[in-house]
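# Observations on the model geometry
Single-letter residue listing:
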Amino acid sequence: ALPLHEIEAIEIIAGSESVQYGDQAVGGIVHILTRQSDKEQIILACQTGSYHQYQCYVMLQRQLKLLNVNLTATKSHTDNYRDHNAYQQNRLSGQVYYPYARGSIQLDLTAADEDMQYPGALTAAQARQNRQQASNTTDFFDNKNGVFQLKHQHSHLVVIPI
């Protein structure tokens, strides 16, 4: 659920990676690399589409001496094609990165609130009558989650000139 403007590259590593990434990585992994930039910027963008679809985001990137701060807030909504099939997501993500002489410290955070209505399955007769109708008006998905990750990299390598 990363906004496209935050993605630098995507690496697909095929083959078992379960030793390094756990027993669910037997077929491989998808490694998403996010953008690292030292320029300060504010981006506000919105897009719209069919069925009352819109997505807006604001991104703030700021360099404070060595500290690099990136914060993005996104709001998405669509009514979708069928009745009782709306989808909405609010997302806040951020990164604080601090490099130092022999390493770096990075803090990543994401909080998301996602709501989706399920219209239910239609019989062939219902689909012929009106394929946009809902057979269920009470089923829904409501998910709130957050991820907090702190990474520290430090090199103990000491180079002694000869």
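Our subject in this report is the structure included herewith. Here the structure is a predicted model, which is why all the values come from computation and not from measurement. (Residues numbered from 1 in each chain as written. Predicted model: local features only at pLDDT ≥ 70, side-chain atom pairs only at ≥ 80, totals over all residues. Heavy atoms only, no water.)

## Details of unusual backbone geometry
- A positive phi angle is found at Tyr51, which is not glycine, with a value near 60°.
- Take Tyr51: it is sitting in the loop between β3 (41-49) and β4 (53-64). (Helix = DSSP H or I, 4+ residues; strand = E, 2+ residues; numbered from the N terminus.)

## What about the state of the cysteines?
- Scanning the model with the defined rule gives 1 disulfide in all.
- Each sulfur in the disulfide pair Cys46 and Cys56 lies 2.2 Å from the other. Handedness here is read from the sign of the S-S torsion; for Cys46 and Cys56, about 120°, the answer is right-handed. In this pair, Cys46 sits in strand β3 while Cys56 sits in strand β4, placing the two residues 10 residues apart along the sequence. (Disulfide = S-S within 2.5 Å.)

## Examining the packing of aromatic side chains
- One pass over the structure, following the stated rule, counts 1 aromatic pair.
- The interplanar angle of 90° and the centroid separation of 5.8 Å between the aromatic rings of Tyr51 and Tyr81 together place this pair among those described as edge-to-face. With a gap of 30 residues between them, Tyr51 in the loop between β3 and β4 and Tyr81 in the loop between β5 (67-78) and β6 (87-100) connect regions that are remote in the sequence. (Phe/Tyr/Trp six-rings, centres within 6.5 Å; stacked < 30°, edge-to-face > 60°.)

## Some points on the environment of Ala112
- Inspection of the secondary structure puts Ala112 in strand β7 (residues 103-117).
- Put simply, Ala112 and Lys75 are 37 residues apart on the chain and 9.9 Å apart in space, counted from C-alpha to C-alpha.
- The residues touching Ala112, leaving out its near neighbours within four places in the chain, are Asn90, Arg91, Asn143, Lys144 and Asn145. (Contact = heavy atoms within 4.5 Å.)

## Let's talk about the sheet that holds β7
- The strand order β3-β4-β5-β6-β7-β8 describes an open sheet built from 6 strands, whose pairing is antiparallel. Whereas interior strands pair on both sides, the edge strands pair on one side only; in this sheet they are β3 and β8 (140-154). The average undirected angle you get between the axes of adjacent strands in this sheet is 5°.
- Pairing of β6 with β7, which is carried by 14 bridges, proceeds in the antiparallel orientation. Looking at β7, one finds that Leu92 is bridged to Ala111. (Pairing = 2+ DSSP bridges. Axes fitted to C-alpha atoms, helices over the stretch in contact; angles between N-to-C directions.)

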